[in-house]
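If you want the building blocks of each chain, they are given just below.
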Amino acid sequence: MIFLWRFAMYGKIVYTAIFVIISCSYAIATTFNATIYPTPLVYKHKEFYCQRIIIQADQEFEGQIIASLDGVVTKKNTGSKVKEISIDCYRRIITQPSHLDVTIKNNNTIITKKTLTIPPVKLWKIYCVPFTHVDIGFTQSQKNIRTQNIKNIDTALAIIEKTQLYPKGSSFKMFTEVSWPIQEYLYDESIKQEKKIKLITALKRGQLEPGAFIISHQNRFLTPEAIVASLHTTFTAARPFNIPVKTACIHDVMDFSKLTKVLYANSIPYVLIGPNDARYIVPPLFYLASPDGSASVLVWHSVGLNGYGENFDLAMRLSVPFDKRAFEKMENHIALHFAQLEKGYPTANILQYYDYNGRHWDYPYDAYLLPFYPAEGGDNQPQNTVPSEIAKQWNETFINPKIVIATPSQFFDYVQSKYHSSIPRLKGEMTPFWGEQIYLDFIQVDPQRLASEYAFTRGIFRQAIKSIAQPHESDNLSVFLQQYLAAYKAILLNSDHNPRPVPFGKTHYTPDDVKDWMKTRDEWAKVPASILKKWNYYEQMDEHTWQKVEYGKGPIVIENPFYSVTIAPEKGEIVSIVDKETNKEWVRADSYGFNAYLQVVRGENGALRNYFAWQKGYSSTEISLFSHRGDYKVVIEGKVQQYYRGLELLSDFLHSAFGVSLPPWLLKAVYFFYQLFTPSLSLTQEIIIPHNQKHIECIQRFSGSQPQVSEHVFSYPLEGKTIFYDSAFTPLQWGSSLEGGDSIPAARNIAPFKSINDTLYPFQWMHGLPPSFHCDYFVMAKDGNHYAVFVPLDSKAIIPENAYDTTKKGFYHCCIGWTLWGKLGLGRSLEGETVFRSVFTSFKADTHNMACMKAYQKSFEVSGMDVSRFIEVKNPAIRPVWLFPHSTSRLTVGLFEVSGTSQRSYVYCSSKSIKRAYYSTSDGIRLKDLNVPLMVTMYPYELKFITIETF
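Let me begin by describing the structure that accompanies this report. From a predicted model like this one, the values you see are computed outputs, not experimental measurements. (Residues numbered from 1 in each chain as written. Predicted model: local features only at pLDDT ≥ 70, side-chain atom pairs only at ≥ 80, totals over all residues. Heavy atoms only, no water.)

1. Considerations on the overall build of the protein
Piece 1. Looking only at helices and strands, one finds 17 helices and 47 strands in the protein.
Piece 2. Within the span of the protein, comprising 951 residues, buried residues form 61% of the whole.
Piece 3. Taking all contacts inside the protein whose residues are at least 6 apart in sequence as the whole, residues at least 24 apart take part in 72%.
Piece 4. For the protein, the computed accessible surface area is about 37100 Å², with 53% contributed by carbon and sulfur atoms. (Helix = DSSP H or I, 4+ residues; strand = E, 2+ residues; numbered from the N terminus. Buried < 20%, exposed > 50% of the residue type's maximum accessible area, 1.4 Å probe, protein only. Contact = heavy atoms within 4.5 Å. Areas by Shrake-Rupley, 256 points an atom, 1.4 Å probe, with all protein chains shown as cover.)

Below, the structure written as structure tokens:
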């Protein structure tokens with residue numbers, strides 16, 4: 001009995017143990033998850049096709065994979081613990097669906113079984129585009145970078161010659177990205193002519209393709225005319241040799257604004273953009289159309305996490321001879337990437353790091369553009385034979401995908417011809433967000449340079465008319481053209497996307513590089529102003545002889561036939577602007593006053609835009625009132641408050657970027673003593689109210705160099721419920737295109753992610769829309785049929801209030817950014833007095849189109865882009881916005897339709913008879929003939945160029 005009892009007891013224990021083991025085994029089996037990716041990677045083996053299958057598990061396992069594809073079994077041991085593994089399965093036919101059974105064993109225990117139907121293999125063609133990333137000033141001085149990029153061209157030409165007999169699709173080709181190195185090469189008198197002929201031949205044959213822009217510039221800080229000039233410099237170098245220019249490229253920056261109309265009007269159909277570790281909420285391939293529909297370009301938005309260096313993501317930075325394991329790693333990266341892309345974009349890998357706000361696009365195309373960053377080295381470094389060697393070895397092994405060494409236009413030509421109707425069409429503007437680096441508007445580092453550039457753009461328009469209409473001597477025009485190109489080239493190179501070499505991003509430069517960099521930047525900055533002086537072009541700010549007016553206590557009220565303006569002396573701001581013609585009050589009572597001076601810190605904390613703090617800029621103010629023949633001027637002076645907020649952001653940045661731990665209180669103490677020995681920042685504001693014009697002029701004058709950990713902004717709280725602004729001849733509504741606006745937002749960062757430069761991680765600040773934009777001509781607020789228009793002349797950076805609080809309206813005008821940059825050596829300190837001007841006006845309009853027309857006309861009037869008496873356009877809805885005289889008998893005119901409706905008009909050339917005219921590019925290349933007399937037809941908000949030849 002005892003024996004039986006013990007046997008029964010032990011039996012229960014064994015039964016329970018077995019039950020627990022089985023339960024645990026079942027738990028393991030049911031909690032183990034694996035994703036099976038049938039990839040398009042295929043090669044032939046005897047009578048079979050071998051298709052690569054990639055398995056990604058949610059936990060490590062060690063054991064065996066058993067895959068059966070249409071009954072043909074393949075086995076593979078893991079060898080060690082893995083979470084991802086590939087297995088090449090035999091398949092009899094790849095043009096029909098097949099059944100795949102996958103069994104995964106962990107130490108001889110089956111942990112999962114999966115059965116799926118896999119589709120026919122999609123045939124892919126990878127257009128691999130080698131390029132060198134040109135980055136002026138980031139890694140060395142401009143002088144050294146110029147030398148390096150000229151050498152890079154020689155290297156590329158040598159590789160072209162070396163690989164010319166490689167198998168089809170493997171011969172080396174290269175995209176120059178930008179045209180600056182080519183221009184420098186062709187214009188360099190020290191380079192032998194036979195070498196230049198070799199370059200020209202390669203460009204004409206399509207072995208090298210030039211980028212349409214001179215450099216990867218920050219577009220938000222360039223006028224539309226400067227964007228045109230960027231193309232113009234390229235055309236000037238390429239046209240004499242019949243070198244085709246088809247693809248514009250901007251790499252590394254987060255600013256792709258102002259492109260569409262300028263490129264479309266100049267017959268540049270393609271754009272390649274590669275943000276640095278960032279994403280817009282767009283598909284990889286799309287037509288970008290202006291909101292008015294008058295222009296569009298075909299865009300490739302780099303897909304990989306590493307932006308323009310996409311071969312980083314695909315493990316393609318190999319060395320010759322290839323290491324077998326490294327090559328296999330590359331194979332699997334490519335295979336997995338295309339397996340994910342076949343399911344659409346954004347891919348599963350992208351979604352680990354970015355929130356696309358639920359957007360998803362199919363990828364139905366059989367072609368893919370792969371920008372190939374140099375396999376060895378970094379920015380400004382040469383290409384080598386690696387891409388050609390990869391293509392050669394790959395294509396010898398795999399029948400799919402095929403790798404083709406190509407130029408961008410080869411890819412674009414192919415997909416446009418085959419998939420034109422399938423490519424999505426997005427309307428809007430790709431707003432910039434590079435400028436938000438370390439919570440500031442980047443360009444405000446050097447406000448003097450900006451003011452000089454804007455003045456040059458205003459002056460060039462008048463000088464172009466003068467040079468062709470009144471040539472005083474035979475060489476007058478040739479001098480003008482030389483100076484024009486020299487000035488715009490300096491402006492454009494100075495707008496390259498790095499302010500100077502920076503102590504992160506794995507750069508290598510010497511103190512001499514830095515000195516040379518600063519010297520070159522200073523020289524470039526002075527070119528536009530010096531040329532304006534040669535033309536005797538000066539902007540008179542105020543020619544009045546003002547008489548001081550005494551006023552009593554209380555508010556100052558100034559009236560003219562158009563406005564009643566109330567100024568609060570104790571606040572130093574306008575508290576009321578009543579439009580007498582419409583009886584409309586424009587200044588909100590629930591905010592700061594109009595033209596109130598504020599200091600603002602806005603920052604990114606953990607990639608979230610959750611920091612926006614401001615305070616009144618003056619600790620006390622003193623108001624003076626002046627008059628001159630009915631005009632009034634109010635001068636506001638005061639002591640600038642010291643600003644200590646935002647130092648916790650600086651502390652966090654120092655720790656994240658450089659591992660330096662400095663508490664905010666210590667930074668405040670250092671900052672307090674530092675500013676005691678630094679010239680104080682002073683600011684004087686002027687408000688001018690003319691007696692005979694319906695506008696209010698605002699002028700800010702800065703001097704001194706005391707650093708402020710803030711931006712210096714001016715409040716314009718308007719009653720308008722909607723804000724519009726102009727960007728390169730495109731009136732846009734503020735707000736995300738996902739929410740009814742015209743701006744295309746950035747995808748939001750949701751996790752720390754891979755980076756080309758690991759030390760740049762603290763700068764991953766993108767979170768939807770940027771909190772500021774850059775207008776070209778005007779900012780307009782709408783309230784019913786009432787409109788208020790603000791025209792900034794010198795500083796175009798605007799921060800809408802609703803970027804931070806959707807209940808608020810109006811905007812801030814950002815004049816100067818974080819002036820501490822100058823003291824850190826990353827920018828320039830203020831030199832002398834810096835002046836910013838702007839003009840406010842208001843009116844009623846029955847339609848939005850009519851309001852835009854009035855806004856443009858007012859803006860052109862304020863900006864000095866007067867209607868030329870030499871070129872007369874009878875229809876006021878069509879305005880000349882560009883004049884380029886090729887000779888005394890040939891000029892190109894840029895026309896812009898401002899009313900938002902289709903228009904026609906006769907165009908005349910006073911004092912000269914027109915011999916011939918035609919629609920053209922900005923450099924005068926004929927597109928379509930025009931009849932004489934000239935009748936021009938334009939779509940709503942269209943930008944168009946015509947070239948006129950006279951007797």
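Alright, that's what it looks like, and here's the rest.
2. A word on the pattern of salt bridges
Piece 1. On inspection of all chains with the given rule, the structure shows 34 salt bridges.
Piece 2. A salt bridge links Asp923 to Arg239, with the shortest nitrogen-to-oxygen separation between them at 2.8 Å. Here Asp923, found in the loop between strand S44 (914-920) and strand S45 (926-930), pairs with Arg239, found in the loop between helix H5 (224-238) and strand S11 (247-252); they are 684 residues apart in sequence, far enough to count as distant.
Piece 3. Under the relative-accessibility criterion, Asp923 is labelled buried at 11%. (Salt bridge = Lys/Arg side-chain N within 4 Å of Asp/Glu carboxyl O.)

3. Regarding the environment of Phe714
Piece 1. For Phe714, the location among the structural elements is in strand S30 (residues 711-716).
Piece 2. As a C-alpha pair, Phe714 and Cys814 span 100 residues in sequence and 6.6 Å in three-dimensional space.
Piece 3. Apart from the residues lying within four places of it in its own chain, the contact partners of Phe714 are Asn595, Ala596, Tyr597, Leu683, Gln685, Gln700, Phe702, Phe811, Tyr812, His813 and Cys815.

4. Focus: the packing of aromatic side chains
Aromatic ring pairs are reported here in terms of the distance separating the ring centres and the angle at which the planes meet.
Piece 1. Applying the stated criterion across every chain, the model contains 56 aromatic pairs.
Piece 2. With a centroid separation of 5.2 Å and 80 degrees between ring planes, the pair formed by Tyr484 and Tyr488 is classed as edge-to-face. With Tyr484 and Tyr488 both in helix H12 (residues 476-493) and four residues apart, the pair spans about one turn of that helix.
Piece 3. Ring geometry for Phe702 and Phe714: centres 6.4 Å apart, planes at 70 degrees, overall edge-to-face. Taken together, the residues Phe702 in strand S29 (residues 696-703) and Phe714 in strand S30 connect sequence positions twelve residues apart.
Piece 4. Classification of Phe702 as buried rests on a relative accessible area of 0%.
Piece 5. Through pairs of rings, three or more aromatic residues link up here, namely Trp124, Tyr127, Tyr270, Trp300, Phe338, Tyr363, Tyr365, Tyr368, Phe411, Phe412, Tyr414 and Tyr419. (Phe/Tyr/Trp six-rings, centres within 6.5 Å; stacked < 30°, edge-to-face > 60°.)

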